[in-house]
Number of protein chains: 2
Amino acid sequence: MIQTPSPRHPDGRKQRSERSRQAIVDAMLEIIMGGKMEPSAAEIAEKAGVSARTVFRHFEEMDSLYSEMTERMEAEIMPIIQQPFTGEGWRAQLDQMIERRAMIYERVMPLKIAASIRRFSSDYLMLNYERFVHLERTGLESLLPSAIRKDSTLFSAIEMCAGFQTWRRLRQDQGLTTQQAADVVRLTISRLVD
Amino acid sequence: MIQTPSPRHPDGRKQRSERSRQAIVDAMLEIIMGGKMEPSAAEIAEKAGVSARTVFRHFEEMDSLYSEMTERMEAEIMPIIQQPFTGEGWRAQLDQMIERRAMIYERVMPLKIAASIRRFSSDYLMLNYERFVHLERTGLESLLPSAIRKDSTLFSAIEMCAGFQTWRRLRQDQGLTTQQAADVVRLTISRLVD
DNA sequence: GATTTATTGACATTCATAGTGTCAATATAT
DNA sequence: ATATATTGACACTATGAATGTCAATAAATC
């Protein structure tokens, strides 16, 4: 990360550099959101309006680019995740969490898929994938009553239902709409906790 | 597929060719089952004890190799799938189907993952992926009573629980044992159908 | 406006992978 | 011994990830 000393009017050359860098990440996001799961550096460069050499001036390797993209995505969804629940009681809060996750997963789906299909050839992406699954689990642990948490089969079932890959399967593999997918997750989880 | 006229004693040269071909598919399976999700043609050739050129003599492209691997896998699991259910009633048969699927999914998991991470850059693998999901669905449709089939939310929930990607998530992402994963699937489906 | 400094473009290059053409080497059949 | 099929070895192309180098361009300074 470039540490800028924040002068009164920053260096125009440094601003140009930062514009290039952001354009590259923007291009990556646009290409993946547009449905191409495996953009090449050349494609990203072309969309960003820079040369391929410049892509590798700003990002040491493709993994760095995925990393920046992930940070951008997480910066976007963190405010949603960190919002306190308004519901009274864990059931109402669980409902809210499911609702939020549906929205979040829908938003980041192409990016998550793009990263996940590369995870076997990238230590960084594999660790990041595992970290996300871990966050999914701890998010539930912080919410569910101890009786459910202690029942590992039940807890794992809820964790499975509330995870990104399950959402992706409902939406992409089973072809459900956002509403239908949300209905399926709600139904399954309600049967498990009741 | 090579159409052999089945002579009394087949041509030694043709037998040699067939041995090479099987060695290549065997090598592919061994490398993937050994945990390397993205074997290169060079790696496959080396393990098969043939040259890389020979790999591309027998298989026009890598997709053809995945195709043969898939056929090999399906030939192996078809007898299990086609076995008639012994249980009385759809609930008992559903239990048996879940049991069989757990076994089948466990067996083919590395191959399925290896194929699935390439599906966005291969029409063949994408179609094959979608065909598999379709088979998962129709397998359930042939078994479940019409009341459940008509409730699309409920049916989709069961379909989700009984699918390969859910099994993969439980085993790989959530780190459950085969037994624990089967317990989760049984619990979730029993809550849905009861 | 000239000069300096930083950023980028253009190009050649390497390495890995998928894939192909060609010819010699080897295995098998006659 | 000769003919035929299969394969190995090698050179090659294309694509993608990545790097080195130098000129072109943009921005800052004098």
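Conventions and cut-offs
Residues numbered from 1 in each chain as written. Chains lettered and ligands numbered in written order. Predicted model: local features only at pLDDT ≥ 70, side-chain atom pairs only at ≥ 80, totals over all residues. Heavy atoms only, no water. Core = buried A, V, L, I, M, F, W, Y, C linked by side-chain atoms within 4.5 Å. Buried < 20%, exposed > 50% of the residue type's maximum accessible area, 1.4 Å probe, protein only. Contact = heavy atoms within 4.5 Å. Least-squares fit on C-alpha atoms with pLDDT ≥ 70 in both. Buried area = accessible area lost by both parts, 1.4 Å probe. Salt bridge = Lys/Arg side-chain N within 4 Å of Asp/Glu carboxyl O. Polar contact = N/O pair within 3.5 Å; in protein donor to acceptor, adjacent residues only side chain to side chain. Helix = DSSP H or I, 4+ residues; strand = E, 2+ residues; numbered from the N terminus. Nonpolar A, V, L, I, M, F, W, Y, C, P; charged D, E, K, R; others polar. UniProt positions renumbered as here; feature names shortened; annotations may be inferred. Near = heavy atom within 4 Å.

An unreviewed UniProt entry annotates chain A as TetR family transcriptional regulator originating from Blastomonas natatoria.

Attention shifts here to the nonpolar core. Nonpolar side chains tend toward joint burial in soluble globular proteins. Grouped together as the largest cluster of nonpolar side chains are 118 residues, with contacts concentrated most on A:Leu65, A:Ile158, A:Ile189, B:Ile158 and B:Ile189. Each residue touching B:Ile158, except ones within four places of it in the same chain, is listed here: B:Leu140, B:Leu144, B:Ile148, B:Ile189, B:Leu192 and B:Val193.

Now for the relation of the copies chain B and chain A. Relating one copy of the chain to the other requires a rotation about an axis plus a shift along that axis. For the match of chain B to chain A, the screw axis carries a shift of 0.0 Å, the RMSD comes to 0.0 Å, and the turn is 180°. Within this description, the copies of the chain are treated as partners about a two-fold rotation axis. Distance from the rotation axis, computed per C-alpha, reaches its smallest value in chain B at B:Ile117: 2.4 Å. When the interface residues of chain B are mapped onto chain A, 100% of them are again interface residues, pointing to one common binding face.

The next thing to look at is the interface of chain B and chain A. At the junction of the two partners, chain B supplies 37 residues and chain A supplies 37 residues. For the chain B face of the interface with chain A, the top three residues by lost area are B:Met160, B:Arg169 and B:Arg191, together amounting to 22%. Run the count over chain B and chain A and you get two salt bridges. With a shortest N-O distance of 3.1 Å, A:Glu136 and B:Arg169 are connected by a salt bridge. The interface formed by chain B and chain A holds 19 residue pairs in polar contact (both at pLDDT 80 or more) in total. Those elements that place two or more of their residues in the side of chain B that touches chain A are helix 6 (123–141), helix 8 (152–161), helix 9 (164–173) and helix 10 (178–193) of chain B. Among the elements that take part in the side of chain B that touches chain A, helix 9 of chain B stands out by supplying eight residues, more than any other. Counted by class, the side of chain B that touches chain A contains 17 nonpolar, nine polar and 11 charged residues.

Let us now look at the UniProt feature "DNA-binding region" (unreviewed entry) in chain A. The UniProt record marks residues 40–59 of chain A with the feature "DNA-binding region" (unreviewed entry), using the residue numbering of this structure. Secondary structure across residues 40–59 of chain A divides into 75% helix and 0% strand, with the first and last C-alpha atoms of the span separated by 13 Å.

The next point concerns the protein's contact with DNA strand D. With respect to spatial proximity, 25 residues lie near DNA strand D, and among them A:Gly12, A:Met62, B:Ser20, B:Thr54 and B:Arg57 are the closest. Among all atoms of DNA strand D positioned within 4 Å of the protein, those belonging to sugar or phosphate total 67%. Taking B:Arg13, its side chain carries an N or O atom lying 2.9 Å from a base oxygen of DNA strand D. B:Ser51 places a main-chain nitrogen or oxygen 2.8 Å from a phosphate oxygen of DNA strand D. Among the elements that line the surface near DNA strand D, the one with the most residues is helix 1 (residues 12–33) of chain B, at five residues. Residue classes in the surface near DNA strand D are distributed as four nonpolar, eight polar and 13 charged.

Attention now moves to the pattern of salt bridges. Residue and element names in this part refer to chain A. Enumeration over the complete set of coordinates arrives at 28 salt bridges over all chains. Here Arg131 and Glu74 are joined by a salt bridge, their closest N and O atoms 3.1 Å apart. Within this pair, whereas Arg131 is found in helix 6 (residues 123–141), its partner Glu74 is found in helix 4 (residues 62–82), the two being separated by 57 residues in sequence. Judged by its relative accessible area of 18%, Glu74 falls in the buried class. Three or more residues joined by partner-sharing salt bridges are found here, namely Glu99, Asp183 and Arg186.

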